[in-house]
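A look at the structure
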Amino acid sequence: MKTLYVHIGSPKTASTALQFFCVDNSEVLNQKGYCYPLFPQTYPDASRIRAYFLIVKLKNKFGKRSKKWEEDVFQEGMAVIHKSFENYDNVIISDERIWRSMDIERKDLWEKLMKEAKKGGFQIRVIAYVRRQDKFLISLWNQQIKIIKVDLAKCTIEEWMNRVNLRARLEYADKLDRIADIVGKENGIVRRFDGTDNFEGGSIYSDFLSAVGLALTEEYEIKQEVVNIGLYGNTQEIKRVINFLPQMIKDRNAQNFIMEMLQECSEISKKNYPCEMLSAKEVAALLKEYEAGNRKIAEEYLHETNRGLFDNTIKDIPKWQKDNPFILEDLVRFANVSMRALLVKYGELRQELSGLEKEFKTLLSADGTEDSDWTGGSAAEAKVLPKWDKEDPNGIDPVILFVGGAVLRLYQEIRDLKKEVSAIGEAVKQDKAQKAVTANHAQGMRIHYFCKNGGTNDLEERIAAIPDPIESQESLAERLVEAVDQAAVLFDQKNQRFWQETADMKRLADLRETPKKSLFEKIFSK
């Protein structure tokens, strides 16, 4: 009988990797009588490779939910599935958000799909991967911290656990039973996501193919390994605190940059300070709460009576504490990595500008503009740098916000300048640079100043000379100030507008000549 395989996650179980695997091997699947279709609809946070049409929530121009529109989209997606069955006996679709949405936006999802199955003459089989509850919970919280969409991205794990419906997320047996009541328990395919030893064939790909009745052979190509670099311990906390900065909510590219920089530091942080976000006692209590449901899944869905659903071994690792001795070192490392990355971006921008400098100077001369520095705007009022109260576990937060804010402003400044340079470069190519300069004289002066004062070798050497982290807290704090200060020096020399329009960073300008010891005392002492 023709079969529709619906892969529903759960989230944080390599769903994205499986989706790309199916797309990358679509021809091999087709040859074996299987189809992984692409859907016509696209959404801001979902590509055509996901069956998002099953659960999408749409609003009209007045901001109200449009169920008619959602039904139209649902029928468009189902039309693709019905069409696929004309040529193939097996169709595979996937979207891990079904796991949660079937209890919120689409409570009638399975009833609707069963009606479509009856109309199309195919059966439905549901594939679900389940992960040990404590690991699943921590991974979900980590994801909220990494990708800012809601206010929950600012919560500690304890705050997050108190605000979300944990049982709806972690009682797998209830969810699977609700699906089984509609499609039949015999059509539920449950797989463990609990280490490679539990995957049939030793990998998630071979296990998934086995779930749909296939075997992983040399015909298949694995282009995307399962890589999801997480944040751990201190890097999680740095990201969570930085999430309070307003520009992090508005700027997705800035979010991605901060994540990339923290991911570079994360493995080192994990090695230096092995820890877990939940204590062994908390993990044991959590597993105990869902023990009966897990046993039911093992017996009724996996037909195993001699083993539990998961390996319930609990690591003997301490719970993460905010006042740990490594958090400042990790903050220094994050600042240094970020500044060096920004210097690379800055160097790429200078290389692009080098081809424009001669044409731009010629145009400025033709426009009657003197070859001088641009000094528009007024100096910003200096502000007092944050203090670090070592007696307060959260006393480091103002320092994290200061460093994160500085990195973000530098990143955004380079990005904005890049856009302007690209626009001017395009104008030069089209012989319209004169018009561009005349139309925006301030912008032209800014670019010219940048070109004229472009040497960065000395600054690059100074950044590279910052030593690797050492144990002295005072030295670490001084180097943290130095790393951020380097960025201030860089942009003070290269871009006057940075100082004239960015009040928060202006405070660094007044401190650059201060001896390091007094600078340390001013920032970090009570």
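Keep in mind that what you see is a predicted model, and the values were worked out from it rather than measured.

Counting its regular elements, the protein contains 25 helices and five strands. The proportion of buried residues among the 526 residues of the protein is 52%. Counting only contacts in the protein whose residues sit at least 6 apart along the sequence, the fraction spanning at least 24 positions is 80%. On the protein, roughly 25000 Å² of surface is accessible, and the fraction owed to carbon and sulfur atoms is 49%.

With that out of the way, let us pick up helix H9 (residues 172–183). The end-to-end C-alpha distance of H9 is 17 Å, a good match for the 16 Å that 12 residues give at a rise of 1.5 Å each. Within the span of H9, buried status applies to Tyr172, Ala173, Lys175, Leu176, Asp177, Ile179, Ala180 and Val183.

The next subject is helix H1 (residues 15–24). Buried within H1 are the following residues: Ser15, Ala17, Leu18, Gln19, Phe21 and Cys22. Turning to H1, the residues buried within the fold contact strand E1 (3–7), helix H2 (26–31), strand E3 (90–94), strand E4 (123–130) and helix H10 (204–211).

Turning to the confidence of the model for the protein, a few remarks are in order. Of the residues in the protein, 69% reach a pLDDT of 70 or more, and the chain-wide mean stands at 78. Predicted confidence is poor over residues 367–385, with pLDDT under 50, and the contacts of this stretch with residues over four places away or in other chains come to 41 contacts. Residue range residues 496–526 is modelled with pLDDT below 50. Its contacts to residues more than four positions away, or to other chains, number 79 contacts.

With that settled, consider the sheet that holds E3. Strand pairs in the sheet, formed through backbone hydrogen bonds, run parallel or antiparallel to each other. Spatially, five strands are ordered E2-E3-E1-E4-E5 in an open sheet, and the strand pairing comes out parallel. Two strands bound the open sheet, and with one partner strand each, they are strand E2 (34–35) and strand E5 (188–192).

The subject of this paragraph is the packing of aromatic side chains. Applying the stated criterion across every chain, the model contains 11 aromatic pairs. Ring centres of phenylalanine 21 and tyrosine 220 lie 5.8 Å apart, and the angle between their planes is 25°; on these two criteria the pair is classed as stacked. Separated by 199 residues along the polypeptide, phenylalanine 21 in helix H1 and tyrosine 220 in the loop between H10 and helix H11 (234–242) bring together distant segments of the chain. Here phenylalanine 21 falls in the buried class, since its relative accessible area comes to 4%. On the accessibility criterion, tyrosine 220 (7% relative accessible area) is buried. Ring geometry for tryptophan 99 against tyrosine 172: centres 5.8 Å apart, planes inclined by 65°, an arrangement best described as edge-to-face.

This part takes up the environment of isoleucine 204. Position of isoleucine 204 among the secondary structure elements: in helix H10. For isoleucine 204, a relative accessible area of 5% puts it in the buried group.

Before going further, it helps to examine the packing of helix H6 (residues 133–146) against helix H14 (residues 280–289). Direction vectors running N to C along H6 and H14 enclose 115°, while the axes themselves pass 9 Å from each other. Judged on the interaxial angle alone, H14 and H6 are roughly perpendicular. Contacts between H6 and H14 involve Gln133, Asp134 and Leu137 on the former and, on the latter, Val283, Leu286 and Leu287.

Here the residue pair glycine 9 and serine 10 is connected by a cis peptide bond, since its omega of 10° sits within 30 degrees of zero. Notably, histidine 303 is not glycine yet its phi reads approximately 55°, a positive angle. The class of histidine 303 is exposed, set by a relative accessible area of 65%.

Next up on the list: the nonpolar core. Core analysis: the biggest nonpolar cluster contains 66 residues, and Phe53, Leu54 and Trp110 have the highest contact counts within it. Setting aside chain neighbours within four positions, we find phenylalanine 53 in contact with Phe39, Gln41, Tyr43, Val73, Phe74, Gly77, Met78 and Ile81. Ile327, Phe334, Val337 and Leu342 belong to the second-largest nonpolar core, a separate cluster that totals 33 residues.

What follows covers the pattern of salt bridges. Taken as a whole, this structure holds 30 salt bridges when the rule is applied. Here aspartate 72 ties to lysine 68 by a salt bridge, and the two come within 3.3 Å at their closest N and O atoms. Taken together, the positions of aspartate 72 and lysine 68, both in helix H3 (residues 67–84) and four residues apart, correspond to about one turn of that helix. A salt bridge links arginine 178 to aspartate 103; its shortest N-O distance comes to 2.9 Å. Here the residue arginine 178 occupies a position in helix H9, and aspartate 103 occupies one in the loop between helix H4 (98–101) and helix H5 (109–120), the gap between them amounting to 75 residues. Linked through salt bridges whose partners overlap, the residues forming this network are Glu237, Arg240, Lys322 and Asp397.

Once that is clear, we can look at the pairing of E3. Taking burial as the measure, the five residues of E3 include five buried ones, the bulk of the element. The side-chain alternation of E3 yields two buried faces, one formed by Asn90, Ile92 and Ser94 and the other by Val91 and Ile93. With five bridges joining them, E1 and E3 adopt parallel strand pairing. Each bridged residue has a counterpart across the sheet, and for histidine 7 the counterpart in E3 is serine 94. Relative to E3, E2 runs parallel, the two sharing two bridges. Within E3, the residue paired with cysteine 35 across the bridge is valine 91.

Next up on the list: the packing of H3 against H5. One way to put it is that H3 packs onto H5 with a least axis distance of 12 Å and a crossing angle of 40°. Of the possible angle classes, the one that applies to H3 and H5 is oblique. Relative to H5, the crossing made by H3 is right-handed. Contacts from Glu71, Phe74, Gln75, Met78 and His82 in H3 reach Lys112, Leu113, Glu116, Lys119 and Gly120 in H5. The class makeup of the residues in the contact of H3 with H5 is three nonpolar, three polar and four charged.

Turning our attention to the environment of methionine 1. Among the secondary structure elements, methionine 1 is positioned in the segment before E1. Excluding residues within four positions of it along the chain, methionine 1 makes contact with Gly121, Phe122 and Gln123.

Right, let's talk about the pairing of E1 for a bit. Looking along a regular strand, one sees the side chains alternate between the two faces of the sheet. With five of five residues buried, E1 is to be regarded as a mostly interior element. The two faces of E1 match: Thr3, Tyr5 and His7 on one face and Leu4 and Val6 on the other face are all buried. Sheet analysis places E1 next to E4, joined by five bridges and oriented parallel. By the bridge assignment, tyrosine 5 is partnered in E4 with arginine 125.

Another aspect to go through is the side chain of serine 206. Note that serine 206 resides in helix H10. Of note is the side chain of serine 206, whose polar atom sits 3.0 Å from the backbone oxygen of serine 203. Ignoring any residue separated from it by four or fewer positions in sequence, one finds serine 206 in contact with Glu200, Gly201 and Leu216.

Rules and cut-offs
- Residues numbered from 1 in each chain as written.
- Predicted model: local features only at pLDDT ≥ 70, side-chain atom pairs only at ≥ 80, totals over all residues.
- Heavy atoms only, no water.
- Helix = DSSP H or I, 4+ residues; strand = E, 2+ residues; numbered from the N terminus.
- Buried < 20%, exposed > 50% of the residue type's maximum accessible area, 1.4 Å probe, protein only.
- Contact = heavy atoms within 4.5 Å.
- Areas by Shrake-Rupley, 256 points an atom, 1.4 Å probe, with all protein chains shown as cover.
- Expected span 1.5 Å × (residues − 1).
- pLDDT = per-residue confidence, 0-100.
- Pairing = 2+ DSSP bridges.
- Phe/Tyr/Trp six-rings, centres within 6.5 Å; stacked < 30°, edge-to-face > 60°.
- Axes fitted to C-alpha atoms, helices over the stretch in contact; angles between N-to-C directions.
- Parallel < 35°, antiparallel > 145°, perpendicular 65-115°, else oblique.
- Core = buried A, V, L, I, M, F, W, Y, C linked by side-chain atoms within 4.5 Å.
- Salt bridge = Lys/Arg side-chain N within 4 Å of Asp/Glu carboxyl O.
- Left-handed = near helix turned anticlockwise from the far one by under 90°.
- Nonpolar A, V, L, I, M, F, W, Y, C, P; charged D, E, K, R; others polar.
- Polar contact = N/O pair within 3.5 Å; in protein donor to acceptor, adjacent residues only side chain to side chain.

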